[in-house]
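# Observations on the model geometry
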Amino acid sequence: MRNVFLFIRRYAVFILFLILQGISLSMLFSSNRFHNTFFGMVSGEVSGDINRRVNNIEEYFTLSVENKRLREQNAFLLSRIPSGVMSPDSLTEMVTDTAYIDSVKQYLQFQYLSAKIISNSVFLQQNYLTLHRGSKQGVESNMAVVGTDGIIGTVVGVSDNMSLVMSLLHKQSKVIALLKKGSGLGEITWDGKNPQYLLLKKIPKTVVVKKGDEVVTSPYSDKFPPGSRIGWIEEVKQDQETNTYILKVKTAVDFSNVQHAFIVKNQLGEEMEAIQSKQIKE
Amino acid sequence: MNVVIRNIIRIAFVLFFQVFIVTKIPPLHQFIVPYFYFILILWLPFRITRINLLFLGFTIGMVVDWFFKTPGLHAAASLLIAYFRPYVVNLLLPKEATEWGNEEPNSKTMGSVPYVIYIIILTLLHHFYLIFLEWLQFGSFLFFIGKLLATGMVSLLLIMIADLFFNKKSRSR
């Protein structure tokens, strides 16, 4: 017994080192499950508060860019208001954002919640953003986050007033995407290298793909509004092993310089999830 | 100034710079991540006990993790250099830890060549482990080596600037 204590005393530093190293490594390698708790604790609120204060100052540096972005979006939205649109036949008028109950009554499928981005990173392998909106404002896990230029990511953790967003620049982020001109369903991932480029995989070689083609979210996604912009194809590469392309996509959003975002709530999301999981069970 | 107060002020200052200013700069290249927060561990006084050094290293790493939302990544790396720091100091200086007063490692107390070697060894060790952990999860070997070298260079540059800033008094004397 004495020897045991002597041993512990002699190697106390090394043992402590191993214990702390074990704690940090287990946190690192279980971070998927861990994230919600790590962030959901008080820590999320505290670091969020500091981030918010710093961001208040930081915002002044990007005011002009943000202003331009808003003007552009305003122009785009103004051109879509009903008074500017003439439909040849009232029966064939389509509004993409709405789901029909019957031909007369319609309701909003996607609800947008404006949020300020208070912290952001692009240089890590797993990048997250923090938004200043949380469960008290109605944010839930697994909601989509879009910016004025294109989609940004998915909510993965929520505390009272803050929410944590897994950005597209995350090794585990996966979004189903579509070429805007039509066919070609693929998957957007990130290879962890350049924050300006994403990878689009699983598009079969039978589809004709050109540089400059626009990539948008697919209508099959249960959270992103269909047709939201993701980026443009920058480079077309053939995958030797499979019958698909590996496409390099330039992001529409400048991730190093985003300030505002919209959290998107899909009103039909739960229903879609329920029916899909039911089918899997059967 | 009291050693404890000086270190606390320095820790707050450097962490603020690391989290809110240096890493907010749009990245110059995919390989470059401007890390320099670990200089805090290298600058702790010689006399600090090894147990305290480990705890401080772990805490500083955790705070950085907290802001970067990478639970454990930076904590593991800064813990590693906190563990190896006494060995490197013993290697470079033939003096017992108890013989030192409240002096801290800088070019004056260590001599400029040992100091530079000390910084380079521990910087490379920190980056090697940090990028190795990232690489375990994903990435390629070329990416690993490139990132190690580029990030190491940028870190050394940043440490040089930080050194001029914080240890100015001891130099001009």
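Residues numbered from 1 in each chain as written. Chains lettered and ligands numbered in written order. Predicted model: local features only at pLDDT ≥ 70, side-chain atom pairs only at ≥ 80, totals over all residues.

### Some words on the overall build of chain B
Summing up its helical and strand segments, chain B has eight helices and zero strands in all. Its helices and strands taken in sequence order, chain B reads α-α-α-α-α-α-α-α from the N to the C terminus. Against the 2.2 N^0.38 benchmark of 16 Å for 173 residues, chain B shows a C-alpha radius of gyration of 16 Å, consistent with a compact globule. With the principal axes as the frame, chain B shows a C-alpha extent of 45 × 30 × 30 Å. Of all intrachain contacts in chain B linking residues separated by at least 6 positions in sequence, the fraction that spans at least 24 positions is 68%. (Helix = DSSP H or I, 4+ residues; strand = E, 2+ residues; numbered from the N terminus. Rg over C-alpha atoms; globule rule 2.2 N^0.38 Å. Contact = placed C-beta atoms within 7 Å.)

### Notes on the overall build of chain A
The helix and strand tally for chain A stands at six helices and 14 strands. Out of the 282 residues belonging to chain A, those deemed buried represent 32%. Considering only residue pairs separated by 6 or more positions, chain A has 58% of its internal contacts joining residues 24 or more positions apart. (Buried ≥ 20, exposed ≤ 12 C-beta atoms within 10 Å, placed from the backbone.)

### Comments concerning the confidence of the model for chain A
In this model, chain A carries an average pLDDT of 80, and 85% of its residues clear a pLDDT of 70 or more. Per-residue pLDDT, averaged within each element of chain A, yields its smallest value for strand S1 (residues 98-100) of chain A (56) and its largest for strand S5 (residues 144-146) of chain A (91). (pLDDT = per-residue confidence, 0-100.)

### Examining the pairing of strand S13 (residues 244-251) of chain A
Residues and elements named next belong to chain A. Along S13, the buried face is formed by Tyr245, Leu247, Val249 and Thr251; none of Thr244, Ile246, Lys248 and Lys250, which line the opposite face, is buried. Pairing between strand S10 (residues 197-204) and S13: seven bridges, direction antiparallel. Bridged to Leu199 within S13 is Lys248. Both strand S12 (residues 229-238) and S13 contribute to a ladder of seven bridges, which runs antiparallel. Across the sheet, the residue bridging to Gln238 is Tyr245, located in S13. Hairpin connection from S12 to S13: five residues lie between these consecutive antiparallel strands. (Pairing = 2+ DSSP bridges.)

### Quick word on the sheet that holds strand S6 (residues 151-158) of chain A
Residue and element names in this part refer to chain A. With respect to topology, six strands assemble into a closed barrel ordered S3-S4-S7-S6-S5-S14, the strand pairing being antiparallel. Geometrically, the sheet is characterised by an average inter-axis angle of 45 degrees between neighbouring strands, direction not taken into account. In this structure, S5 lies alongside S6, joined through three bridges in antiparallel fashion. By the bridge assignment, Ala144 is partnered in S6 with Thr154. (Axes fitted to C-alpha atoms, helices over the stretch in contact; angles between N-to-C directions.)

### Examining the nonpolar core
Burial of nonpolar side chains together is a common tendency in soluble globular proteins. Formed by 96 residues in total, the largest nonpolar core has its most connected members in A:Ile152, A:Val165, A:Ala261, A:Ile263 and B:Leu79. Broken down by element, this core gets its largest block of residues, 10 residues, from helix H3 (residues 50-68) of chain B. Excluding residues within four positions of it along the chain, A:Val165 makes contact with A:Tyr128, A:Leu129, A:Leu131, A:Val145, A:Ile152, A:Gly153, A:Thr154, A:Val155 and A:Val156. (Core = buried A, V, L, I, M, F, W, Y, C linked by C-beta atoms within 7 Å.)

### Quick look at the pairing of strand S3 (residues 110-120) of chain A
Residue and element names in this part refer to chain A. In this sheet, strand S14 (residues 260-266) lies alongside S3 in antiparallel orientation, the contact comprising seven bridges. Looking at S14, one finds that Tyr112 is bridged to Val264. For S3 and strand S4 (residues 126-131), the ladder comprises three bridges, and the chain directions are antiparallel. Bridged to Asn120 within S4 is Leu129. Linkage of S3 to S4, two consecutive antiparallel strands, is achieved through a turn of five residues.

### Observations regarding the packing of helix H4 (residues 73-92) of chain B against helix H6 (residues 112-137) of chain B
Residues and elements named next belong to chain B. Orientation of H4 relative to H6, taken along the N-to-C sense of each, is 150 degrees, at an axis distance of 9 Å. The angle between H4 and H6 places the two elements in the roughly antiparallel class. Classified by chirality, the crossing of H6 by H4 is right-handed. For the pair formed by H4 and H6, the contact residues are Leu73, His74, Ala76, Ala77, Ser78, Leu80, Ile81, Phe84, Arg85, Val88 and Leu92 on the first element and Pro114, Ile117, Tyr118, Ile121, Leu122, Leu125, His126, Tyr129, Leu130 and Leu133 on the second. (Parallel < 35°, antiparallel > 145°, perpendicular 65-115°, else oblique. Left-handed = near helix turned anticlockwise from the far one by under 90°.)

### Remarks on the interface of chain B and chain A
Taken together, the contact between chain B and chain A spans 28 residues of the former and 30 residues of the latter. Examining the composition of the side of chain B that touches chain A, we find that seven residues originate from one element, H3(B), more than from any other. Of the residues belonging to the side of chain B that touches chain A, the class tally is 19 nonpolar, six polar and three charged. (Nonpolar A, V, L, I, M, F, W, Y, C, P; charged D, E, K, R; others polar.)

### Concerning the sheet that holds S10(A)
The antiparallel closed barrel is built from six strands, whose spatial order is S8-S9-S10-S13-S12-S11 (chain A). Put simply, the sheet's adjacent strands are angled 40 degrees from each other on average, direction ignored.

### Description of unusual backbone geometry
Residues and elements named next belong to chain A. Unlike most non-glycine residues, Asn142 shows phi in positive territory, near 75 degrees. Asn142 gets classed as partly exposed once you count the C-beta atoms within 10 Å, which come to 13. Its identity is not glycine, yet Lys202 carries a phi of approximately 70 degrees, on the positive side. When you line up the elements, Lys202 lands in strand S10. Exposure remark for Lys202: the 19 C-beta atoms within 10 Å place this residue in the partly exposed category.

### Observations concerning the confidence of the model for chain B
All names here are of chain B. With 91% of its residues at a pLDDT of at least 70, chain B reaches an overall mean of 84. Here helix H8 (residues 168-172) is the element of chain B with the lowest mean pLDDT, 53, and H4 is the one with the highest, 91. Note on the complex model: pTM 0.73, ipTM 0.81.

### Description of helix H1 (residues 3-21) of chain B
Residues and elements named next belong to chain B. The end-to-end C-alpha separation of H1 is 26 Å, in line with the 27 Å expected for 19 residues at 1.5 Å each. If you check which residues of H1 are buried, you get Val14, Gln18 and Val19. Down the axis of H1, the smallest arc covering the buried residues is 120 degrees, so these residues share one side. Among the exposed residues of H1, those oriented more than 90 degrees off its buried face are Ile5, Ile8, Ile9, Ala12 and Ile21. Packing partners of the buried residues in H1 comprise helix H2 (39-42) and H3. (Expected span 1.5 Å × (residues − 1). Arc of directions from axis to C-beta.)

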